[in-house]
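Each chain is listed here by its residues.
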Amino acid sequence: MKISPSIISSKLEVLGEEIEKCDKAGADSYHLDVMDGHFVPNLTMGPDLISAVRRKTKKRLESHLMIDRPDRYYKSFVEAGSDILLIHAECLVNFKKLRKDIADSGAEFGIVINPETPLSEALPLLPESRILLLMSVHPGFSGQKFIASTVDKIREARSYIDRNGLDTEIEVDGGINDKTGKLCVDAGADILVSASYIFSGNIHERIGILKNLKQD
Ligand code: DX5
Ligand code: ZN
């Protein structure tokens, strides 16, 4: 099981130490929640913070772009050191072109869908997506309650990916803790994002719990 801590809930004044703790606990990547105040009603980080994270860890950096025009800004997130850009299917952009532009600039592409967006909207993009990110809360804030219908979506996505021999990884984002995480793992998720659960407790212990959900 791969775990991707979202630093949105870390103690930003000691971000470096928090990242060291996550690295030691076996975090597989870092999830960077970028919000523009338009696509979602909240503002968070930009490329400068991401390059600071890049200097601190060698793990995969995934930038979750909750912004209106990822086609205008993707380059600065790649230059900041993102390994993969997670792009919402709800954005009004040309996905084939953006996917190619991202690849040409040296990063990978992942597609994201909101809880109310049917899986069918992401399916045509899956063969060219390293990650399918299923939102299990409405994007904008950490600390929200997991939306249970996501579990069916994970199952549906798992069966489509397996049936079609794709290697797209299924990632789930929002309201993940030891209980909801287990539901996602059992339904076929490969990667779990977690912000408030990991950073509101003992980081080492909580990442350990999430990483071991597959065996439990
Ligand atoms: C929501 C973000 C998530 C969120 C996760 O808009 O994309 O990554 O911060 O937070 P938790 O794990 O607290 O639900
Ligand atoms: Zn996210």
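The text that follows walks through the structure, step by step, so that each part is easy to find. (Residues numbered from 1 in each chain as written. Chains lettered and ligands numbered in written order. Predicted model: local features only at pLDDT ≥ 70, side-chain atom pairs only at ≥ 80, totals over all residues. Heavy atoms only, no water.)

**Brief notes about the packing of helix α1 (residues 15-25) against helix α2 (residues 47-56)**
Inference 1: At their nearest, the axes of α1 and α2 sit 10 Å apart, and the two run at 50 degrees to each other. When the interaxial angle is binned, α1 and α2 end up oblique. As for how α1 packs across α2, the hand of that crossing is right-handed. Counted together, Leu15, Gly16, Ile19 and Glu20 of α1 and Leu49, Val53 and Lys56 of α2 form the full contact between these two elements. (Axes fitted to C-alpha atoms, helices over the stretch in contact; angles between N-to-C directions. Helix = DSSP H or I, 4+ residues; strand = E, 2+ residues; numbered from the N terminus. Parallel < 35°, antiparallel > 145°, perpendicular 65-115°, else oblique. Left-handed = near helix turned anticlockwise from the far one by under 90°. Contact = heavy atoms within 4.5 Å.)

**Here's the deal with the coordination of the zinc ion (ligand 2)**
Inference 1: Binding of the zinc ion (ligand 2) to the protein goes through His31 (NE2), Asp33 (OD), His64 (ND1) and Asp173 (OD), at separations of 2.1 to 2.3 Å.
Inference 2: Each donor residue of the zinc ion (ligand 2) lies on the same chain, and together they follow the pattern H-x1-D-x30-H-x108-D. Taken together, the residues His64 in strand β3 (residues 60-66) and Asp173 in strand β7 (residues 169-173) connect sequence positions 109 residues apart. (Donors = N, O, S within 2.8 Å, 3.2 Å for Na, K, Ca; no water.)

**Quick look at the site of ligand 1**
Inference 1: Near ligand 1 lie 19 residues; those nearest to it are Asp33, Gly140, Asp173, Gly175 and Ser196.
Inference 2: His64 places a side-chain nitrogen or oxygen 3.3 Å from an oxygen atom of ligand 1.
Inference 3: The separation between an oxygen atom of ligand 1 and a polar main-chain atom of Gly143 is 2.8 Å.
Inference 4: In isolation ligand 1 has 380 Å² of accessible area, and contact with the protein removes 100% of it.
Inference 5: Counting only elements with at least two residues in the shell around ligand 1, the list comes to β2 (29-35), β3 and β8 (191-194).
Inference 6: Considering only residue class, the shell around ligand 1 consists of 8 nonpolar, 9 polar and 2 charged. (Near = heavy atom within 4 Å. Polar contact = N/O pair within 3.5 Å; in protein donor to acceptor, adjacent residues only side chain to side chain. Areas by Shrake-Rupley, 256 points an atom, 1.4 Å probe, with all protein chains shown as cover. Nonpolar A, V, L, I, M, F, W, Y, C, P; charged D, E, K, R; others polar.)

**Notes on the nonpolar core**
Inference 1: Ile111 and Leu192 are the most contacted members of the largest nonpolar core, which totals 64 residues.
Inference 2: Aside from chain neighbours lying at most four places away, what touches Ile111 is Ile87, His88, Ala89, Phe95, Ala122, Leu125, Leu126, Ser129, Ile131, Leu132 and Leu133.
Inference 3: One finds Ile84, Leu86, Ile191 and Val193 within the second-largest nonpolar core, a separate group that totals 9 residues. (Core = buried A, V, L, I, M, F, W, Y, C linked by side-chain atoms within 4.5 Å. Buried < 20%, exposed > 50% of the residue type's maximum accessible area, 1.4 Å probe, protein only.)

**Topic: the packing of helix α5 (residues 150-163) against helix α6 (residues 178-187)**
Inference 1: Viewed as axis vectors pointing N to C, α5 and α6 meet at an angle of 25 degrees, and their least axial separation amounts to 8 Å. Regarding the angle of α5 to α6, the classification is roughly parallel. Of the two elements, α5 crosses α6, and the hand of that crossing is right-handed. In this structure, α5 contributes Val151, Ile154, Arg155 and Arg158 to the contact, and α6 contributes Leu183, Cys184 and Ala187.

These figures capture arrangement, not role.
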